[in-house]
Amino acid sequence: MQRQDSSIPAPLSRETLPSFLNRLAAWNRMPTAEFASEMGFSLRRICVGESVAIEKMAEVGNLSSDEIADLRSWTGEILGDVRMAFRNDVFVSRALRSPTVRGCPHCLREDIERNPGRPFEAMALRGDWQVKYAHTCIRHARPLVPLWTSTSILKRYDMQTQLQELLPDLSSGNLTGKTLRPTAFEAWLDQRLAVYQDETQVSQFDLYAALEASRLLGTELLRHDKNAVTGMSETDIMRHSLERGFAVVSQGEEAIADTLQQMTRYVTKGSHKPKYVFGMFYELLSRDLVQEPEFEPFRRLLRDVILNTWPVAAGEDLLGENIVARRLHSIRTASEEIGYAAHPLREALIDAGIVAAEDRRPDGLVTFDAQMHGSLLQEYPKLVGAREMARHIGATEHQFDALVREGILTPLVTLSGFRAPWRLSDGTAFVERLLHGAEPLEDDFEGWEHIHRAAFRAKFGLQPILAGIAAGKIRVGQLGTAALYKSIFVNFSDFSELVKRHRSEAGTDLMTIPQFERSVGLRTNQGFSALVKAGLTPATRVMNPASGHEKLYVTPDDAREFRAKFTTLSMIAAERQMSFVAVKRDLKMAGIKRFEHDGVKFGQLFLRSDVKRQLIKSPGSRSKT
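All of the points below concern the structure found in this document. (Residues numbered from 1 in each chain as written. Predicted model: local features only at pLDDT ≥ 70, side-chain atom pairs only at ≥ 80, totals over all residues. Heavy atoms only, no water.)

The subject of this paragraph is the packing of helix H16 (residues 331-338) against helix H17 (residues 342-351). Their axes nearest at 9 Å, the elements H16 and H17 cross at an angle of 115°. Here H16 is positioned roughly perpendicular relative to H17, judged by the angle of their axes. In terms of crossing hand, the pair formed by H16 and H17 is right-handed. Contacts from Ile 331, Ala 334, Ser 335 and Ile 338 in H16 reach Ala 342, Leu 345, Arg 346 and Leu 349 in H17. (Axes fitted to C-alpha atoms, helices over the stretch in contact; angles between N-to-C directions. Helix = DSSP H or I, 4+ residues; strand = E, 2+ residues; numbered from the N terminus. Parallel < 35°, antiparallel > 145°, perpendicular 65-115°, else oblique. Left-handed = near helix turned anticlockwise from the far one by under 90°. Contact = heavy atoms within 4.5 Å.)

Written out as structure tokens, the structure is:
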């Protein structure tokens, strides 16, 4: 066929191979399929990207290697059954091939205006219009609209025939939609496809996977934000979904994980599973896309959030991965696993600080670390009441109460009224610890006394006896072979020496705080106690030999320090040999006020320095301050 090379149409920016073939056929004034057949190839072969056919078309169309490469990249090349190479990235075919051909009527009308006499030589389909994630023409800020639909590939890409029917509407502008402001996502996608420019974190992902993840995630974010889509068209909803999802995905994995974690706040019932929260994002990643390697980063992020939120059991398949070990338990799943009623289990977990008391959500929603607390969970079904615990260690009820009162034995669950708070292993360990290295005793155990009887007789605490045993200062004997509390005896002489030493160290010149307060004329449990608590005067902790617990006492040094700094009505009256009435009168006349600290008063207490400096000697006084 004769033709002039200089007048052959040149490919337009972003044009596809079928589009250029149609314009080339129009330039030759022939139907597209007939022209392709005469040239030695077919429209179908061009549409499926057959290299031999494309090379022949390049020869007929006088195309350079750069032009044919650009046409190929904007058309997409088939890679296997469901993949296509498109603009240096790989997409699934359905993301680029659709029975419905879309385009920008404004772009097509501009094509017509460049060659109004030969519109079919001028009008071109752009490759970015194929991408299902593109909905707006960036150049004209107009929506991409459906132009025609055909399931037949030959009819779909016979543009001359299809555009013939649309020509009146295209020329008149009837198909042009409303003006749209391109979203940040649309502007980014346009640049990414045009010049491969990407300054976002999307570059760390496969492009198709990032686009699909943006769509799915954005769809679910909008689903939970129902007010955001009120009155929107389906296309507008899709645009906003992509924009919402892209705003997250473009910031990388940390932002995606944070957003997914925030979405778990929609879990308000025990029946709310991951699908309820994440919808199609979860559904497709766990089903259609579960084997697609490019989606693994998104599956991994979602899987991690699910495992940190829901009590997924070991052995379950989650987003294509078998869960080896449970990460979380809920109160319900823990109850079912250990065979322990949910209500007392919740109370026990609250007592242990594992579950917050204020968390009143259903048992199926309250979760905790299954690995960290797994061994403790196994203890709860074994817990017993006080009577069984006492029998287990071989103690009478009275002896057991004393051990508990002194804090020697403590229940696993400390809640008041909890029916079975005791762990038998704690009792066993306590007895075995005391009997470690014990001397065997015969029936005649003169010089030895049962530990509890010794403490009771000497009015001495059990705690210091245990401390003496641990320090090797009191020998222990075992009566019989059973490891029981009733078998534990202490050496009488060792014990007596311990009691003597403790009482000697405590001394006789110590005063309890109430005793000291009475001695200086302060109200009991008010003035001096408050001073000590505020750090204004000292008191000394000394072990009480009767209870084995440390207690605050006032030593002679403590008393001297108090008297050097403070004085009271009683102390002034005694020192000055005056009556209370006279002391009060003189203090008032001298303007001396009671001592205060941070707005707190401590009774009839005064600074000695104030009294010494300001108090005028009373006429009835017979001594100096």
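Okay, back to it.
A separate point is the sheet that holds strand E3 (residues 89-92). Taken in spatial order, the three strands line up as E1-E2-E3 in an open sheet, and their pairing is antiparallel. Bordering the open sheet on either side are strand E1 (77-79) and E3, each of which pairs with just one other strand. Strand-to-strand twist in this sheet, taken as the mean axis angle between neighbours without regard to direction, amounts to 40°. By the bridge criterion, three bridges tie E1 to strand E2 (residues 83-86) in an arrangement that is antiparallel. (Pairing = 2+ DSSP bridges.)

Those residues of helix H19 (residues 386-393) lying buried are Met 389, Ala 390 and Ile 393. Projection of H19 onto a plane perpendicular to its axis shows the buried side chains occupying an angular sector of 100°, all on one side. Among the exposed residues of H19, those oriented more than 90 degrees off its buried face are Arg 387 and Arg 391. At its buried positions, H19 is contacted by helix H20 (397-405) and helix H21 (424-435). (Buried < 20%, exposed > 50% of the residue type's maximum accessible area, 1.4 Å probe, protein only. Arc of directions from axis to C-beta.)

Our next topic: the packing of helix H11 (residues 207-224) against helix H12 (residues 234-249). For the pair H11 and H12, the least separation of the axes is 6 Å and the interaxial angle reads 110°. Comparing their axes, H12 and H11 come out roughly perpendicular. In this structure, H11 uses Ala 210, Leu 211, Ala 213, Ser 214, Arg 215, Leu 217, Gly 218, Thr 219, Leu 221 and Leu 222 to contact H12, whose residues at the interface are Ile 237, Met 238, His 240, Ser 241, Leu 242, Arg 244, Gly 245, Phe 246, Val 248 and Val 249. When grouped by side-chain class, the residues that make up the contact of H11 with H12 number 12 nonpolar, six polar and two charged. (Nonpolar A, V, L, I, M, F, W, Y, C, P; charged D, E, K, R; others polar.)

For the rest of this paragraph, the subject is the environment of Ala 357. Mapping Ala 357 onto the fold places it in the loop between H17 and strand E11 (367-369). In sequence terms Ala 357 and Phe 456 are 99 residues apart; their C-alpha atoms lie 40 Å from each other.

On to the nonpolar core. Formed by 73 residues in total, the largest nonpolar core has its most connected members in Tyr 133, Leu 260, Phe 278, Phe 281, Phe 298, Leu 302 and Ile 306. Counting residues per element, this core draws most heavily on H11, which supplies nine residues. In this structure, Phe 278 is in contact with Glu 220, Arg 223, Leu 260, Met 263, Thr 264, Leu 302, Val 305, Ile 306 and Trp 310, ignoring residues within four places of it in sequence. (Core = buried A, V, L, I, M, F, W, Y, C linked by side-chain atoms within 4.5 Å.)

Let's shift gears to the packing of aromatic side chains. Here a ring pair, both rings aromatic, is described through the centre-centre distance and the interplanar angle of the planes. Tallied over the full model, the rule gives 20 aromatic pairs. Summarising the aromatic geometry, the rings of Phe 91 and Tyr 208 are spaced 6.2 Å apart at their centres and angled 55° between planes, so their arrangement reads as tilted. Within this pair, whereas Phe 91 is found in strand E3, its partner Tyr 208 is found in helix H11, the two being separated by 117 residues in sequence. The buried category is assigned to Phe 91, whose relative accessible area is 0%. With centroids separated by 6.1 Å and ring planes inclined at 70°, the aromatic side chains of Phe 278 and Trp 310 adopt a geometry described as edge-to-face. Of this pair, Phe 278 sits in helix H14 (residues 274-286) while Trp 310 is found in the loop between helix H15 (296-307) and strand E8 (317-318), placing the two residues 32 residues apart along the sequence. Judged by relative accessible area, which is 1%, Phe 278 ranks as buried. Of the residues examined, Trp 310 reaches a relative accessible area of 7% and is grouped as buried. Put simply, the rings of Trp 74, Phe 86, Phe 91, Phe 205, Tyr 208, Phe 295 and Phe 298 pair up and form one aromatic cluster. (Phe/Tyr/Trp six-rings, centres within 6.5 Å; stacked < 30°, edge-to-face > 60°.)

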